[in-house]
Amino acid sequence: MQNNIKNHASARPRHAFRRTIRILWLPLFAALALWAQTAKRPEPAQTPVQQGSQTVSTSASPLPPIQLDGSVALHHLNQIISWYRHSTTGIQSVGLPSDAIYQDNTQALVAQAVRLAFQSAKAEAALIASEQKGNGANQPSGETTQQQNLAQMLAKTSAQIDQLKSQIENLNAQIGKAPASRRGSLISQRDALQGQLELQKALLDAVQKMASFVETNGEIAGGLEGSINQLARSIPEVLGSSASPEKKVTTTTTAPAKPTLANSGGLISEAMTLYDYMSAMHLIDGVIDETDHTRDVVDQLRAPLRDAMRATIQQSQKLASRPPSGDPQQLQTEQQTFQELTERFKQLSAALLPLSQEVVVLNDAKTNFEEWHNSISRESKYVLRSVLVRVCSILLALGVILVLSEIWRRITFRYIGDPRRRRQFLVMRRVVIGFLIFIVLTLGFVSEFSSLATFAGFITAGIAVGLQAVLLSVAAYFFIIGRYGIRVGDRISVAGITGDVVDIGLVRLYLMELGGSGLDFYPTGRIVVFSNSVLFQTGTPLFKQIPGTEYAWHEVVVMITPDGNHKAAQEKLVAAVNGVYARYKEEIERQHANIERRVDIQVTAPRPEARLQFADAGLELLVRYPVEIRKAPDIDEEMTRKVLELIETDAALKATVSGIPKIRSAVKG
């Protein structure tokens, strides 16, 4: 008993040492085991069996080879994905009600074609793998072999862990029931098994990590199936996140249709709508061409599969037509051949049937695109016709307006002889014609009048603030050319400047400046320019003649001596003035008659008038008389000569008059 206890006590340090050794060397053991397992090369796929003097391959197959290329299948998937994206996102709705129907049909058809393409590609990958395995021409890749070895190691390690756990449980049960003499030996066995269990667990963890890494990288860079899975992940909205044809998640939504402008009534909006229609038809034509190209790619991929299917069917018919044989070995061989043909037929049909269905779907998609194109084409013809009619209507309206403008101009020049009135009618013609052209263009090009009204309001406010002086001048222009306005040739006085009107513009007034005294004006050779808005300035008065008149008032002034006979002097001086006035009296009376026709007030006829008044120098006698403005210097000169001659020849008048007579203007300015 004591020896057992002693042996058991001495065994504890050894167990602790062993446990420490296991903990330190477990990772190294796991790595070495993993390297040893994965470094093994696979055995050759074909093992010849010696039968007498002949060598027979156990995997020899009577099936004809299939000319399949994985790059063609990948090219097919790339093309179908590109076609899918162009079909779903490249064509936008143009606002027609039928666009929603065609878009929904497009979404369904292209998604179905993509799913069929990937279904066929996966079947082709399996067929290619089966063909390579059966022929033994191409050995599996290193990544596939490594995955197989890792899978075998995982299964083997898991089985060993389960076995060790079972043994440890049995030892634990025996330790509880065993006598003390055997308990130490059982505990030592359990500790040894526990160390092996920890080693296997560490190995299992390392193998699982390696398998996960190899699987992840193998899908990205390994083999045809990995490439197919990678392409499938690029369109999860069709195939789902699992990249499995059986799990389809279609999440593509139809873009909202934009409102059409074809019925809004404006030429600009109709032209924009027509451009959108033409662009959409061009895009649809491009998608139709791409659909034809995609179908050609599918036909190219179907050709070797159809040939293999045809060869398989012919071989099965050939075997079925053979006469039955009584040899059991031959019957077994034929049965095995039929099984291989059946398996080959299933593999080929799994790859060929989705391709045939894909061709049908592509044809339906092409028909859908063609109907969509025809729908937009019919609508574009209506819009084009509307645009042409509107353009012709605008041109016709502008032509009618221009013809009316020319008729107005000819009537003005033919029936209105007064230059002033003619100018007024021509200015009115420009304003009316411009307004009509603006209305025609506005109604022809603009469709949203509510937006136009808001925009016009802002524009008007900006113009009113920025062009205040110009607008005021334009408004004054219509007052200037009014009934009692100014016309070319009138003599006016503005801001202390007297001149003859040379031209009247829409915003400016041009005067030929006149210099000299109030009796004798002469051109200075300068043109004075005033803004028409001067008419509204209170500090700058404007003086002009009454319309239709060109006369002014002058007066002869003489000083009377205190003891002179002013009555006799007045009679003689008035007689002298009337003698000169008689020469142009008819012209003054004609102008007075024009005044009576133009104004509605009573105006006294102009004639010479005498006035006797007190002045600073004494008693002053003046005779006021009308003169023609254009002939005023000549009339004043003749009037001076006549008065001087009268004073020199009449002694009584000479004694009555003191100083030298003067002639002055009766009105200042």
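About the cut-offs
Residues numbered from 1 in each chain as written. Predicted model: local features only at pLDDT ≥ 70, side-chain atom pairs only at ≥ 80, totals over all residues. Heavy atoms only, no water. Helix = DSSP H or I, 4+ residues; strand = E, 2+ residues; numbered from the N terminus. Buried < 20%, exposed > 50% of the residue type's maximum accessible area, 1.4 Å probe, protein only. Contact = heavy atoms within 4.5 Å. Areas by Shrake-Rupley, 256 points an atom, 1.4 Å probe, with all protein chains shown as cover. Core = buried A, V, L, I, M, F, W, Y, C linked by side-chain atoms within 4.5 Å. Pairing = 2+ DSSP bridges. Axes fitted to C-alpha atoms, helices over the stretch in contact; angles between N-to-C directions. 1 Å grid on protein atoms, 1.4 Å probe; cavity = no way out; pocket = protein on both sides within 12 Å on 5 of 7 lines; lining within 4 Å. Points joined across faces, edges and corners; volume = space filled by probe spheres on them. Nonpolar A, V, L, I, M, F, W, Y, C, P; charged D, E, K, R; others polar. Patch = residues over 30% accessible without salt bridge, like charges linked within 9 Å, V, L, I, M, F, W, Y side chains within 5 Å. Salt bridge = Lys/Arg side-chain N within 4 Å of Asp/Glu carboxyl O. Expected span 1.5 Å × (residues − 1). Phe/Tyr/Trp six-rings, centres within 6.5 Å; stacked < 30°, edge-to-face > 60°. Bend = angle between axes of the 7 residues up to and from the residue.

(A) Expanded view of the overall build of the protein. Regarding its fold elements, the protein presents 16 helices and eleven strands. Relative to its full complement of 669 residues, the protein shows a buried share of 35%. For the protein, the share of sequence-separated contacts (at least 6 apart) that also reach a separation of at least 24 residues comes to 73%. For the protein, the exposed surface amounts to about 39,500 Å²; the carbon and sulfur share of it is 58%.

(B) The arrangement of the nonpolar core in detail. Counting residues in hydrophobic clusters, the biggest one holds 59 residues, and the most contacted among them are Ile-80, Trp-83, Phe-118, Phe-369 and Ile-376. Breaking this core down by element, the ones donating at least two residues are α2 (70–89), α3 (99–135), α6 (223–232), α7 (236–239), α8 (267–320), α9 (328–415) and α10 (419–445). Filtering out sequence-adjacent residues up to four positions away, Phe-369 remains in contact with Trp-83, Ser-87, Ile-91, Thr-106, Ile-284, Val-287, Ile-288 and Thr-291. Counting residues in hydrophobic clusters, the runner-up holds 29 residues, among them Val-574, Tyr-581, Tyr-584 and Tyr-625.

(C) How the structure looks around the sheet that holds strand β10 (residues 618–628). The four strands lie next to each other as β9-β10-β8-β11, forming an open sheet whose pairing is antiparallel. Strand pairing shows two members of the sheet lacking a second neighbour, β9 (609–615) and β11 (657–665), which therefore form its edges. Averaged over neighbouring strand pairs, the angle between their axes works out to 25 degrees when direction is ignored. Across ten bridges, strand β8 (residues 551–560) lies against β10 in antiparallel orientation. Of the residues in β10, the one forming a bridge with Tyr-551 is Glu-628. Contacts from helix α14 (residues 585–598) reach β8 and β10 within the one sheet, and its direction differs from that of β10 by about 75 degrees.

(D) Representation of the environment of Ile-492 within the structure. Positionally, Ile-492 belongs in strand β3 (residues 491–494). Beyond its immediate sequence surroundings of up to four residues, Ile-492 is in contact with Ile-486, Ile-497, Thr-498, Gly-499, Val-501, Leu-509, Leu-511, Phe-543 and Lys-544.

(E) Highlighting empty space enclosed by the protein. Summed over the entire model, instances satisfying the criterion amount to one cavity of 30 Å³ or more. Looking at the largest cavity, its volume works out to about 30 Å³. Every residue along the wall of the largest cavity is listed here: Val-558, Ala-569, Leu-573, Leu-621, Ile-647, Leu-653 and Val-657. For the lining of the largest cavity, the residue count by class is seven nonpolar, no polar and no charged.

(F) Structural context of the environment of Ser-120. Position of Ser-120 among the secondary structure elements: in helix α3. Apart from the residues lying within four places of it in its own chain, the contact partners of Ser-120 are Ala-350, Ala-351, Pro-354 and Leu-355.

(G) Here's a closer look at a nonpolar patch on the surface. Side chains of Leu-396, Val-400, Val-403, Leu-404, Ile-407, Ile-411 and Tyr-415 sit close together on the surface and give an oily, nonpolar patch of about 700 Å² of accessible area. By the secondary structure assignment, Ile-407 is in helix α9.

(H) Spotlight on unusual backbone geometry. The phi dihedral of Ala-495 falls on the positive side, at around 55 degrees, and the residue is not glycine. Residue position: Ala-495 is located in the loop between β3 and β4 (497–504). Residue Ala-495 is classed as partly exposed on the basis of its relative accessible area of 47%.

(I) Looking closely at helix α15 (residues 632–649). Its 18 residues place the ends of α15 26 Å apart at the C-alpha level, agreeing with the 26 Å of an ideal helix rising 1.5 Å per residue. In this fold, the buried residues of α15 make contact with β8, α13 (566–581), β10, α16 (651–656) and β11.

(J) Quick look at the sheet that holds strand β7 (residues 542–544). If you trace the five strands from one edge of the open sheet to the other, you get β6-β5-β4-β3-β7, paired in antiparallel fashion. Looking along the sheet, the strands with just one partner apiece sit at the ends: β6 (521–531) and β7. Geometrically, the sheet is characterised by an average inter-axis angle of 35 degrees between neighbouring strands, direction not taken into account. Of the strand pairs in this sheet, strand β5 (residues 508–516) and β6 are connected by eight bridges, and their pairing is antiparallel. Bridging from a neighbouring strand, Tyr-510 pairs with Val-529 of β6.

(K) Summary view of the packing of aromatic side chains. Going through the model one piece at a time under the given rule, you end up with four aromatic pairs. Seen in terms of ring centroids, Tyr-477 and Phe-478 are 5.6 Å apart; in terms of plane orientation they differ by 80 degrees. Their pairing is edge-to-face. Given the relative accessible area of 2%, Tyr-477 is considered buried. Overall, the relative accessible area of 42% leaves Phe-478 in the partly exposed class. The interplanar angle of 85 degrees and the centroid separation of 5.3 Å between the aromatic rings of Tyr-581 and Tyr-584 together place this pair among those described as edge-to-face. Note on Tyr-584: relative accessible area 8%, which makes it buried.

(L) Representation of α8. Given a rise of 1.5 Å per residue, 54 residues ought to cover 80 Å, and the 76 Å separating the end C-alpha atoms of α8 matches this to within 8%. Of all the bends found along α8, the most pronounced is centred on Arg-302 and spans about 30 degrees, while Pro-304, a proline, follows it within four residues.

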